[in-house]
Amino acid sequence: MDRKIRVGILGLGRAGRTMHVPELGLFPNLFEIKAGCDHAPDRLNDLPEGLQNAKLYSKYEEMLADPELDLINVATRNFDHTPHALMALEAGKAVVVEKPFAMTEEQGRQLLEASKKYPDKIFLRSNRRFEPVFIQIMDIVKSGLLGKLSMIKLHRHPGFVRRFDWQTLTEFHGGLFNNWGPHYVDQALKLLQCPVKDVWCHLGHSVSGGDADDEIKLILTGENGCLVDIEISTSLTLPDRIYELRGDRGTLVLPLSEEYLHLKYLDPAIRFERLDGVRENFVLKFGNPYEKLSFIEEKRPVVTDYSDILPEGSSLGDDLRFTFPAMWYHIYQTLVNGVPYPVKVEEGYEVVKVMDRAHKAANFKPSVLEY
């Protein structure tokens, strides 16, 4: 294979042209966009710089027949992600699958089976797995500073937004849960580090156009007893924090500013002894008057530096700050150098299964808002 991976972009809508194309443009020494495809004629006009010299196709089958392409980036509508990915694999291409990777467990199983037939050829766009602050949080959890986790909160509220594009229509399998849910379910499963025992979910339609959900409350209970609280909505005008992790030795919070991680945890030198409840009359004080605990409180700056993977002179800019394009570096390392991709298809399948359980638990009925 050439040093540069030759890419075809399937789907030239908002994600394809405003996220995937400029992300690939950050790695001009690793990737070259050779083709773009969209069935809608207007999507083949006014293309961004990264597509100016690319071949353009209106039929996916024709782009797949292009012998110059190594990798297909699937950025089509939700239900088409799995079948379009399978078509790419059957045509001898590697494939990047936009989330949701699959809309049903059956589609998820198809991807899983395909990953065995085509090893190291399927790359799930779990780009928030590469979110620098999430990597920091995972490192802190593994360090043991917080102790055994009992509560994890993942909250994403981008502000009061009344969307009305296709992502708000159930006929296209839209909805905020299908759109953003895979990111946070994936992060939740990584933090839990155990299978999910129970799922409770509420999906509501609050302010958006269309008839799909725009407000999510998802509660997952791990087999280890840890509870995950996931909130996503486009109606909250006063969001306060994004991450909150509670353990039996401390707490971690990421405020809305995302400038620092706020931690308060027990001095690691402190070791607990068994503490039994007292049945007799107790000292008239709250808590444990016989125990003196020492806490360490700190604010750690959030790391946002990609200098270790970006070519000299490349810069994320504001538009790509929240797309976490480090994913592409790891894709290249797998295809060219055989380094395992950090996101396994098996993990993506677990995300699909949890989301399927959540959809069934919520029993959401499409609704059109009346004013």
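Everything numeric here is computed off the predicted structure, so don't read it as measured data. (Residues numbered from 1 in each chain as written. Predicted model: local features only at pLDDT ≥ 70, side-chain atom pairs only at ≥ 80, totals over all residues. Heavy atoms only, no water.)

Caption draft 1: A look at the environment of alanine 361. Within the secondary structure layout, alanine 361 lies in helix α8 (residues 345-362). Under the relative-accessibility criterion, alanine 361 is labelled partly exposed at 40%. When the C-alpha atoms of alanine 361 and leucine 218 are compared, they prove to be 9.7 Å apart, with 143 residues separating the residues in sequence. Excluding residues within four positions of it along the chain, alanine 361 makes contact with Val199 and Cys201. (Helix = DSSP H or I, 4+ residues; strand = E, 2+ residues; numbered from the N terminus. Buried < 20%, exposed > 50% of the residue type's maximum accessible area, 1.4 Å probe, protein only. Contact = heavy atoms within 4.5 Å.)

Caption draft 2: A look at the layout of surface pockets. Counted as a void, the second largest pocket has a volume near 360 Å³. Lining the second largest pocket are 17 residues, and of these Phe31, Glu32, Ile33, Glu49 and Gly50 sit closest to its centre. For the lining of the second largest pocket, the secondary structure elements donating two or more residues are α1 (14-25) and β2 (31-37). Residues belonging to the lining of the second largest pocket are distributed by class as follows: 7 nonpolar, 4 polar and 6 charged. (1 Å grid on protein atoms, 1.4 Å probe; cavity = no way out; pocket = protein on both sides within 12 Å on 5 of 7 lines; lining within 4 Å. Points joined across faces, edges and corners; volume = space filled by probe spheres on them. Nonpolar A, V, L, I, M, F, W, Y, C, P; charged D, E, K, R; others polar.)

Caption draft 3: Region of interest: the sheet that holds strand β1 (residues 5-10). Strand order in this open sheet of 6 strands is β3-β2-β1-β4-β5-β6, and the pairing throughout is parallel. The outermost strands of the open sheet, each flanked by one partner alone, are β3 (55-57) and β6 (122-124). With direction set aside, neighbouring strand axes in the sheet form an average angle of 25°. The strands touched by α1 are β1, β2 and β4 (71-74); relative to β1, the strand with the most contacts, the crossing angle is about 175°. (Pairing = 2+ DSSP bridges. Axes fitted to C-alpha atoms, helices over the stretch in contact; angles between N-to-C directions.)

Caption draft 4: Just a nonpolar patch on the surface, in detail. Taken together, the side chains of Val278, Phe282, Val283 and Tyr290 present a nonpolar region at the surface, about 400 Å² in accessible area. Secondary-structure assignment places tyrosine 290 in the loop between β13 (260-266) and β14 (295-301). (Patch = residues over 30% accessible without salt bridge, like charges linked within 9 Å, V, L, I, M, F, W, Y side chains within 5 Å. Areas by Shrake-Rupley, 256 points an atom, 1.4 Å probe, with all protein chains shown as cover. Salt bridge = Lys/Arg side-chain N within 4 Å of Asp/Glu carboxyl O.)

Caption draft 5: Structural view of the nonpolar core. Core analysis: the largest hydrophobic core is formed by 58 residues, its most contacted members being Phe31, Leu71 and Ile331. The element contributing the most residues to this core is helix α7 (residues 326-337), with 6 residues. If sequence neighbours within four positions are ignored, leucine 71 has contacts with Ile5, Arg6, Val7, Gly8, Phe31, Ala94, Val95, Val96, Phe123, Trp328 and Ile331. Counting residues in each nonpolar core, the second largest holds 45 residues, with Leu192, Ile216, Val228 and Val351 among its members. (Core = buried A, V, L, I, M, F, W, Y, C linked by side-chain atoms within 4.5 Å.)

Caption draft 6: Geometry of the packing of helix α5 (residues 132-143) against helix α6 (residues 176-192). Closest axis-to-axis distance for the α5/α6 pair is 10 Å, and the angle between their directions is 20°. As the angle between them shows, α5 and α6 are arranged roughly parallel. In terms of crossing hand, the pair formed by α5 and α6 is right-handed. Where α5 approaches α6, its residues Phe134, Ile137, Met138 and Val141 are matched on the opposing element by Gln187, Lys190 and Leu191. (Parallel < 35°, antiparallel > 145°, perpendicular 65-115°, else oblique. Left-handed = near helix turned anticlockwise from the far one by under 90°.)

Caption draft 7: Quick peek at the pattern of salt bridges. By the definition in use, this model includes 24 salt bridges. The residue lysine 55 makes a salt bridge to glutamate 68 at a minimum N-O spacing of 3.9 Å. Of the two residues, lysine 55 sits in strand β3 while glutamate 68 sits in the loop between α2 (60-64) and β4, which places them 13 residues apart along the sequence. When the shortest N-O distance is used, the salt bridge between arginine 156 and glutamate 131 registers 3.0 Å. Separated by 25 residues along the polypeptide, arginine 156 in strand β7 (residues 149-156) and glutamate 131 in the loop between β6 and α5 bring together distant segments of the chain. Residue classification places glutamate 131 among the buried residues on the basis of a relative accessible area of 1%.

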